[in-house]
Amino acid sequence: MARSASQFICQSCGGVHRRWAGKCDHCGAWNSIVEETGATAAPVGGAKAASVRRNRSRGPGLELEPLKGGTPPRPRIATGIAELDRALGGGLVQGGAILVGGDPGIGKSTLLLQAMGGVANAGHAVIYVSGEEGVDQIRGRAERLGLADAPVALAAATSADAAAATIQSTPNLKLIVIDSIQTMYVEGVESAPGSVSQVRASAQILIAAAKRSEAALVLVGHVTKDGAIAGPRVLEHMVDAVLYFEGDSSQHYRILRAVKNRFGPADALGVFEMTGAGLREVPNPSTLFLSERQGREPVTGAAVFAGFRGARPLLVEVQALVGAPGPGSPRRAVVGWDSARLAMALAVLESRAGLPFSGRDVFLSVAGGLRLEEPAADLAAAAALISALLERPAPMDCVFFGELALSGEARPTPQTEARLTEAVRLGFARAAGPGDARVKGLKSEPIRRIDDLVTLIAAEPLLPAPKPADWD
Ligand code: TYD
Ligand code: MG
């Protein structure tokens, strides 16, 4: 008999609890625990099959293989969208499962329809299963994207069993997209579509079917902040690659970020622009992230970071705003950077360079909705902060890079040459960072300690911010 005891499952991380609680012990999410009934933990095949398997400990053992041995790399299918192929580490892997997560409305369906169009137009069998939109809606979008004639087979369906059966019965299937995994359900699992049990069970049978058929499987997953729907986090360990599609919905560009990839580099990044005719690739993202600077008068609190993301250099502006000292506890807010790193940078600037940040509000933001993960961003953030505090613009023709140690020393960063080459390509004349890496056409401003950075910015002309009193 199927096990029908209740379990309390965190909808955010999938953690199992014996009783309901307000907060999940596993991931710390609040109000995310929901009672689920049904054969939730039973492996595919049902509880009966599982109990038969449990009672049978004899039989042939495992077939073991030597570590040494050659396995040919799994064949890849290019989607024709270079930025997507790059984020995947060179195209879709046959038999591999990929999760594409992102906020609703960010453009996941659009991106995948464009990818499916590319694969189908190259002569491969492609299936699109949508549990969110009707066939007419999908056709309408395909028309807008100029893909009305692409030979993509459509199904508006929500049964994961039926989708898995279709994968098995379609000869030479190369790609199947399930949009979204939260709408899929498996017969026999009692909880509602979108619950952790259903999302997991659906993913499990689809992944197994794709592996057997050698088709690439793409699961679309919505990320929601309130935890009401099972987040893609519960699927991350089941799939081979996880891509997140991000961006500010008020802005036009979107970033596709690989956070896990069994078949390629893990921190790959693709950049797109949402246009009236779908997503357009942005082959030179630095140009995009710096476009605001073109023709701009010098401003305080802005510094360009010579970054490195996903095996390629990426220049991006870091912006800071520092308030006047006031009573009460100061506000500190960060967008696109780690707040602990901001606290550390401020402490170093205060203790090692004597800059008075305490008691002042400090805001730090990374242009374009990008998130900086590299420690090498420290010096660029510090440059923006120093510039905002001293009311002097950071030199406009200079890029910044390097990690900041608590001692106030600048630490070297990897890939310096690639960072600097990109800076020269985009017209910068100077680079402030640790070490003496030289690239033709770029003057080195060596930063050994944080004081060197303060000296560099203090040499710029004063550019006081307008005071409220100046307004009338
Ligand atoms: P969609 O792919 O439906 O998002 P998701 O699947 O992640 O929920 O994209 C929805 C948004 O994209 C919607 O606001 C309209 C916009 N869009 C364009 O701007 N241009 C286009 O060509 C298309 C198809 C969509
Ligand atoms: Mg969609």
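Note: the structure precedes this text.
Computed from a predicted model, the values in this text were never measured in an experiment.

The rules behind the values
- Residues numbered from 1 in each chain as written.
- Chains lettered and ligands numbered in written order.
- Predicted model: local features only at pLDDT ≥ 70, side-chain atom pairs only at ≥ 80, totals over all residues.
- Heavy atoms only, no water.
- Helix = DSSP H or I, 4+ residues; strand = E, 2+ residues; numbered from the N terminus.
- Buried < 20%, exposed > 50% of the residue type's maximum accessible area, 1.4 Å probe, protein only.
- Polar contact = N/O pair within 3.5 Å; in protein donor to acceptor, adjacent residues only side chain to side chain.
- Pairing = 2+ DSSP bridges.
- Axes fitted to C-alpha atoms, helices over the stretch in contact; angles between N-to-C directions.
- Contact = heavy atoms within 4.5 Å.
- Right-handed = clockwise from strand over helix to strand, strands pointing away.

J.: Requested: an account of the environment of threonine 183, with residues and values cited.
T.: Note that threonine 183 resides in the loop between β9 (173-179) and α6 (196-213). Among the residues examined, threonine 183 registers a relative accessible area of 17% and is labelled buried. Once the C-alpha coordinates of threonine 183 and glutamine 198 are considered, the two residues, 15 residues apart in sequence, prove to be 9.0 Å apart. A distance of 2.7 Å separates a polar atom in the side chain of threonine 183 from the backbone oxygen of serine 180.

J.: Summarise the sheet that holds strand β19 (residues 398-400); cite the residues concerned and give the values.
T.: What the 7 strands build is an open sheet, ordered β17-β18-β16-β15-β19-β22-β23; its pairing is mixed. Only two strands of the sheet have a single partner each, and these edge strands are β17 (332-335) and β23 (443-446). Across this sheet, the average inter-strand angle for adjacent strands is 25°, counted without regard to direction. Sheet analysis places β19 next to strand β22 (residues 430-433), joined by 3 bridges and oriented parallel. By the bridge assignment, phenylalanine 400 is partnered in β22 with alanine 432. Along the sheet face, helix α10 (residues 416-425) touches β15 (302-309), β16 (312-322), β19 and β22 and points at about 75° away from the line of β16.

J.: Got a sec to walk through the pairing of strand β10 (residues 216-222)? Specific residues and values, please.
T.: With 7 of 7 residues buried, β10 is to be regarded as a mostly interior element. Because side chains alternate across β10, one face comprises the buried residues Ala216, Val218, Val220 and His222, and the other comprises Leu217, Leu219 and Gly221, equally buried. By the bridge criterion, 6 bridges tie strand β6 (residues 97-102) to β10 in an arrangement that is parallel. Note that in β10 the partner of alanine 97 across the bridge is leucine 217. Of the pairings in the sheet, the one linking β9 to β10 comprises 4 bridges and is parallel in character. Paired with leucine 175 across the two strands is alanine 216, which belongs to β10. For the crossover that starts at β9, traverses α6 and ends in the parallel β10, the hand is right-handed.

Just geometry here; none of it tells us what the structure is for.
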